[in-house]
Amino acid sequence: KPILLWLRRDLRLADHPMLSAAASSGRPVVAVFVCDEVVSAYGAAPRWRLDAGLRAFLPRLEALGCPVTLRRGPALETLRALIAETGAGAVWWSRDIDPQAIARDSAVKSALKAAGVEARSFPGQVLFPPWEVQTGQGGPYRVYTPYWKAVRGLPVAPPLPAVTRLRPGPALRGETLEDLDLGRAMRRGGAVVAKYARIGEAEAQARLAAFLDGPIAVYRDRRDFLAEQATSALSEHLAWGEISPAQIWHAGARALAEGAAGAETFLKELVWREFAWHLMFHFPDLGRANWRAEWDSFPWAGESASAERWRRGMTGEPVVDAAMRELYVTGRMHNRARMIAASYLTKHLLTDWRIGLAWFEDCLIDHDPAANAMGWQWVAGCGPDAAPYFRIFNPASQAEKFDPESVYRRRWLAEGNRHAPETARDFFEAVPKAWGLVPGARAPEPLIALAEGRARALAAYGARGAKE
Ligand code: FAD
């Protein structure tokens, strides 16, 4: 009986436990992608990036003799129909651990088992499954450093070779990617983002190799500099499983053994991603509710004209606007810029972190529910192991320190610059006409003077007796 291989955020051939098991089982397989309730709820840019990832990946599976059937509908119902059409005796998938996927997958698993169909999930999304890592007292970690100490010595299985053959099962009729039209909700032309995105497993491997070849040596010292390419840029591939964390982990560990200066810092950053998944698994509300309940009474501002100006990169604070435009144009944002932009929204504008989280979720092609939620709660001060409340990034001094020559700001801001680079002009190309933005206009007035914003935030946070 054939196996249904249910593809999700695992668009690679190498180090893919499910595909390797399918290949060595010798059983016929039918690969499927379902645009289901979880996929439909992704933000606009993630859906666009998923579409692009599928366009790159499907022909590669097909070349192994395994065409992919595309369907649309609720997961369980659609899988049941596929089982009826193919006579499949099993459904396999790679495990996702965001709460929405867990809810869907548990329901699918129990329904299939009840119907006598094998339902099996495979690892690969994380290095250290959250249910396997516990503190000495039992229970999950809440602070990063002890978590890092607990996991850094744990064994990580060496990456599996790429599958080279699969035994095809019955051919099915399905929809095309054009029919599914996953990218349709991208408000701006996906064309602009496409200029900056790099899609697929080969690109992921090329980026990893290029990083190991150069930037890793300066990663520790230069990773915070906004205009430099001192980081790996692997997040957009990790988000869609175009590379596995184990492939990166082993490559980083080799570099460490060979004495690469930034290798340990790099491995630690990769483990921040693991920590985020650890938190999200054990605290599924990480993306919805303040981690510390005492923040529930904090008077966050809700939607406002200021929040809209923040989204549009029109706050009048140059480095914040540059960051928001980088996000809009490329679907990505430098890590330090994410912290500066998030701090400005939650502290200078005293706006609810969930408003920022939702915008990132809609705009990031590397959207990762756990890293995004942890990042926002950390910056806002209400999260686990969070920045203390009085740590308010001053965007101007951050810019001076990490963008001393204004290269980053000039790259993304066109105002007052008749010779603005293509990157900055692309922003005006990408935004909806309704925003009414024109490149030649004067820079917007700041929403709030920095000192005033800081004093207001300190008063609001301090008034609640917020503690470090
Ligand atoms: P590198 O510096 O090369 O790091 C390698 C990998 O380690 C990254 O690809 C990523 O998987 C992981 N990593 C690095 N830093 C972090 C971190 N602080 N938290 C978790 N994982 C990390 N990252 C996402 O992948 N998706 C998100 O949606 C996301 N949202 C964020 C929101 C906010 C408010 C903040 C402050 C951070 C967010 N991050 C998110 C984390 C971080 O900004 C990105 O992972 C990083 O910028 C990706 O660039 P890179 O691949 O070059 O990273």
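Remember, it's a predicted structure, so these values are computed and weren't measured experimentally.

**As for the site of the ligand**
Neighbouring residues of the ligand: 27 residues in total, closest Thr 231, Ser 232, Asn 335, Asp 368 and Gly 375. If you list the elements that add at least two residues to the shell around the ligand, you get α11 (235-239), α13 (263-282), α16 (335-348) and α18 (369-380). A breakdown of the residues in the shell around the ligand according to their chemical character gives 14 nonpolar, seven polar and six charged. Viewed by domain, the shell around the ligand spans two of them, domain 2 (126-154 + 191-282) and domain 3 (293-462), each represented by three or more residues.

**Points about the nonpolar core**
Formed by 130 residues in total, the largest nonpolar core has its most connected members in Leu 4, Leu 5, Trp 6, Val 32 and Ala 323. Excluding its chain neighbours within four sequence positions, the residues that come into contact with Trp 6 are Val 32, Val 34, Leu 79, Val 91, Trp 92 and Trp 93.

**Topic: the UniProt feature "domain: Photolyase/cryptochrome alpha/beta" (unreviewed entry) in the protein**
As recorded in UniProt, the feature "domain: Photolyase/cryptochrome alpha/beta" (unreviewed entry) lies at residues 1-127. Here residues 1-127 runs as 48% helix and 22% strand, with 32 Å between its end C-alpha atoms.

**Details of the UniProt feature "site: Electron transfer via tryptophanyl radical" (unreviewed entry) in the protein**
Under the local residue numbering, the UniProt record ascribes the feature "site: Electron transfer via tryptophanyl radical" (unreviewed entry) to Trp 300, Trp 353 and Trp 376. The greatest C-alpha distance among the residues just named is 13.7 Å, despite their covering 77 residues of sequence, which places them together in space. Among the structural elements, Trp 300 can be located in the loop between α13 and α14 (305-311). By C-beta crowding, Trp 300 is classed as partly exposed, having 18 other C-beta atoms within 10 Å. Those residues in contact with Trp 300, other than ones at most four positions away along the chain, are Leu 350, Thr 351 and Asp 352. As for its placement among the helices and strands, Trp 353 is situated in helix α17 (residues 353-363). For Trp 353, the contacting residues outside a window of four places in its chain are Thr 346, Trp 376, Gln 377 and Ala 380.

**With respect to the environment of Ala 396**
Note on placement: Ala 396 falls in helix α19 (residues 395-402). Take Ala 396: there are 12 C-beta atoms within 10 Å of it, and that puts it in the exposed class. In this structure the C-alpha to C-alpha distance between Ala 396 and Met 333, which are 63 residues apart in sequence, comes to 18 Å.

Conventions adopted
- Residues numbered from 1 in each chain as written.
- Predicted model: local features only at pLDDT ≥ 70, side-chain atom pairs only at ≥ 80, totals over all residues.
- Near = placed C-beta within 6 Å.
- Helix = DSSP H or I, 4+ residues; strand = E, 2+ residues; numbered from the N terminus.
- Nonpolar A, V, L, I, M, F, W, Y, C, P; charged D, E, K, R; others polar.
- Domains from an automatic or database assignment.
- Core = buried A, V, L, I, M, F, W, Y, C linked by C-beta atoms within 7 Å.
- Buried ≥ 20, exposed ≤ 12 C-beta atoms within 10 Å, placed from the backbone.
- Contact = placed C-beta atoms within 7 Å.
- UniProt positions renumbered as here; feature names shortened; annotations may be inferred.

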